[in-house]
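The primary structure of each chain is shown beneath.
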Amino acid sequence: MTEKNFGSPLSPLTENLVLGLPVHCLDDYSGYLLSRLEAGVGTYVVTLNAEMVMQSQKNSLLAKMICQADLVIPDGAGVVLYLRLKGKSIQRCPGIELAESLLWQAPKQNPDNLVFFYGGSPGVAMKAAETWQEKVPLLSIASQHGYLSSAEEKELLQTLAQLQPRLIFVALGVPRQELWIAENKHICPQAIWIGIGGSFDIWTGVKERAPAWFCNNSLEWLYRLYQEPWRWRRMLAVPKFAWKTLMDINS
Ligand code: UDP
């Protein structure tokens, strides 16, 4: 069931299970997060897709972290298709689009809220921050690339503790970003933390997002395979997910 009205930002959300992992169905994910942001309620967001579901079948720590998230959004077409076949009314919410929506809306709510971009190759997070600051001049964004030594990472944690950003986007790839957030989210207890994979690469033009036709036809993964053929082994998770979920539906 889709929750049209989530009531208070602290109301518990209904969980739908995809091979044992939770997914929350809302009409307005960014509205929900903005209301939590306004209330200063820390929120750990996971953007679930078929690859992550399959990884978490082998990585119990990743599965545990996903189960502990405050909000799990249906990022992948496979997850949405499975839930629809189970009779749920659910709209896909790609993590990159949720992040974009928050970047447009959060500064209107409170321009003092600092945003932090962490991850990506040196220079990419900074360029992504500059790009967004040009688009939304009210935004304040600090950034840090994702290839740090352990000493530099400690420094980053101190910086986060000091700055207390309210929106923290982490682009370290799955499962690193999910585990890193789960380990460190206590440092900024009022922040929204989201693992956003390759979004900085897309915002800066390092990578290209699949054209709308691929996204609308649940084939974003195929375009990604065409763009990054070396990911083929990792992408085998997609047919494996399809098989497992079909078995589950027919059982
Ligand atoms: N990355 C990083 N540090 C690392 C490993 C990866 O900052 O130690 C970045 C990498 O530069 C890329 C992002 O993490 O920008 C992962 O993007 P990908 O599209 O692979 O994300 P996924 O498909 O795992 O969500």
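Up top you'll find the structure we're talking about.
Because the structure is a prediction, the values reported are computed rather than measured.

Participant: Hey, could you run me through the nonpolar core in this one?
Facilitator: Soluble globular proteins tend to bury their nonpolar side chains together. In terms of nonpolar packing, the biggest core is built from 39 residues, with L48, L160 and W180 touching the most fellow members. Setting aside chain neighbours within four positions, we find L160 in contact with F116, P165, W180, I187, C188 and W193. One finds I96, A125, I141 and I196 within the second-largest nonpolar core, a separate group that totals 35 residues.

Participant: Quick question: what am I supposed to make of the pattern of salt bridges here?
Facilitator: Any two side chains of opposite charge can pair, on the condition that their charged atoms come close. Considering all chains together, one arrives at 10 salt bridges under this definition. Its salt-bridge partner being D201, residue K207 comes within 3.8 Å of it at the nearest N-O pair. For K207, a relative accessible area of 27% translates into the label partly exposed. A relative accessible area of 14% places D201 in the buried class. One salt bridge connects R224 with E228, and the closest N-O pair in it is separated by 3.1 Å. R224 gets classed as partly exposed once you look at its relative accessible area, which sits at 28%. A single salt-bridge network, built from bridges that share partners, covers E51, D201, K207, R224, E228, R231 and R234.

Participant: How do you make sense of the packing of helix α4 (residues 77-85) against helix α13 (residues 237-250) when you look at a structure like this?
Facilitator: Geometrically, a packed helix pair is captured by the angle between its two axes and the distance between the axes. Where α4 contacts α13, the two axes come as close as 11 Å, and the packing angle between them is 10°. With respect to α13, the axis of α4 lies roughly parallel. Every residue of α13 that contacts α4 at G78, V79, Y82 and L85 is listed here: F241, T245, D248 and I249. Residues of the contact of α4 with α13, tallied by class, amount to five nonpolar, two polar and one charged.

Quick notes on the rules
Residues numbered from 1 in each chain as written. Predicted model: local features only at pLDDT ≥ 70, side-chain atom pairs only at ≥ 80, totals over all residues. Heavy atoms only, no water. Core = buried A, V, L, I, M, F, W, Y, C linked by side-chain atoms within 4.5 Å. Buried < 20%, exposed > 50% of the residue type's maximum accessible area, 1.4 Å probe, protein only. Contact = heavy atoms within 4.5 Å. Salt bridge = Lys/Arg side-chain N within 4 Å of Asp/Glu carboxyl O. Axes fitted to C-alpha atoms, helices over the stretch in contact; angles between N-to-C directions. Helix = DSSP H or I, 4+ residues; strand = E, 2+ residues; numbered from the N terminus. Parallel < 35°, antiparallel > 145°, perpendicular 65-115°, else oblique. Nonpolar A, V, L, I, M, F, W, Y, C, P; charged D, E, K, R; others polar.

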